[in-house]
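# Examination of the molecular architecture
Below, each chain spelled out in residue letters.
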Amino acid sequence: MKILLDIDDTALISNDSGKTYKEHPRLQELISKHTVFLFSGNPDIEKYYIKWKTKGFIPKGGFDFPTADVLIDNNDDLHILEVDVKESFPSIDAFFNRHP
């Protein structure tokens, strides 16, 4: 399954109002089971693409409408108009609840 994955507050989560971030506990499972492309406005998107060894990355705000099966983004309701997907989820957990 091809997935567009946001970085901030989705792949990286914070428990202290954004002071520090850690990888979502199921991030590596998601990457190993699916074809994941980072889709984010994070300025370090390329760094995370290399670190997590995803299939690619697409900065938000471009002129293309990326196509995938799924968008996972904590603000999926805002970014759904920027992509062509069949489903969207606000979190990795919500995705795995639907696709175990």
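Shown above is the structure to which this text applies.
As a starting point, this report considers the structure included with it.

What counts, and at which threshold
Residues numbered from 1 in each chain as written. Predicted model: local features only at pLDDT ≥ 70, side-chain atom pairs only at ≥ 80, totals over all residues. Heavy atoms only, no water. Helix = DSSP H or I, 4+ residues; strand = E, 2+ residues; numbered from the N terminus. Rg over C-alpha atoms; globule rule 2.2 N^0.38 Å. Contact = heavy atoms within 4.5 Å. Areas by Shrake-Rupley, 256 points an atom, 1.4 Å probe, with all protein chains shown as cover. Lys, Arg positive; Asp, Glu negative; His and termini not counted. Charge placed at Lys NZ, Arg CZ, Asp CG, Glu CD. Phe/Tyr/Trp six-rings, centres within 6.5 Å; stacked < 30°, edge-to-face > 60°. Buried < 20%, exposed > 50% of the residue type's maximum accessible area, 1.4 Å probe, protein only. Lys NZ or Arg CZ within 6 Å of the ring centre and 35° of its normal. Pairing = 2+ DSSP bridges. Right-handed = clockwise from strand over helix to strand, strands pointing away.

## Overview of the overall build of the protein
The helix and strand inventory of the protein stands at four helices and seven strands. Compactness check: the protein gives a C-alpha radius of gyration of 12 Å against a globular reference of 13 Å for 100 residues, within 12% of the reference. Considering only contacts in the protein between residues 6 or more positions apart, those separated by 24 or more positions represent 45%. Counting only carbon and sulfur atoms, one obtains 51% of the accessible surface of the protein, whose full area is about 5,800 Å². Distance between charge centres in the protein, computed from 12 positive and 17 negative side chains, equals 7 Å.

## As for the packing of aromatic side chains
This model, assessed by the stated rule, comprises four aromatic pairs. Ring centres of Phe 89 and Phe 95 lie 5.6 Å apart, and the angle between their planes is 85 degrees; this geometry places the pair in the edge-to-face category. An angle of 65 degrees between the planes, with centres 5.5 Å apart, marks the rings of Phe 95 and Phe 96 as edge-to-face. For Phe 95, a relative accessible area of 0% puts it in the buried group. A network of ring pairs unites the aromatic residues Phe 89, Phe 95 and Phe 96 as a single cluster. Sitting over the ring of Phe 96, Arg 26 keeps its end group 3.9 Å from the ring centre.

## With respect to the side chain of Asn 42
Of note, Asn 42 is situated in the loop between β4 (35–40) and α2 (45–52). By relative accessible area, which is 9% here, Asn 42 ends up buried. If sequence neighbours within four positions are ignored, Asn 42 has contacts with Ile 7, Asp 8 and Tyr 48.

## Structural notes on unusual backbone geometry
Leaving glycine out, the prevailing phi sign among residues is negative, and the prevailing peptide bond configuration is trans. Even without being a glycine, Asp 9 presents a positive backbone phi close to 65 degrees. For Asp 9, the position within the fold is in the loop between β1 (2–5) and β2 (12–13).

## Some details on the environment of Phe 65
Summarising the element assignment, Phe 65 is placed in the loop between β5 (56–59) and β6 (70–72). In this structure Phe 65 touches Leu 81, Glu 82 and Val 83, once residues within four positions along its chain are discounted.

## Observations regarding the pairing of β4
With five of six residues buried, β4 is to be regarded as a mostly interior element. Note that β1 and β4 share four bridges and pair parallel. Looking across to β4, one finds that Leu 5 is bridged to Leu 38. In terms of strand pairing, β4 meets β5 through four bridges, oriented parallel. Of the residues in β5, the one forming a bridge with Phe 39 is Ile 58. For the segment spanning β4, α2 and β5, crossover handedness is right-handed.

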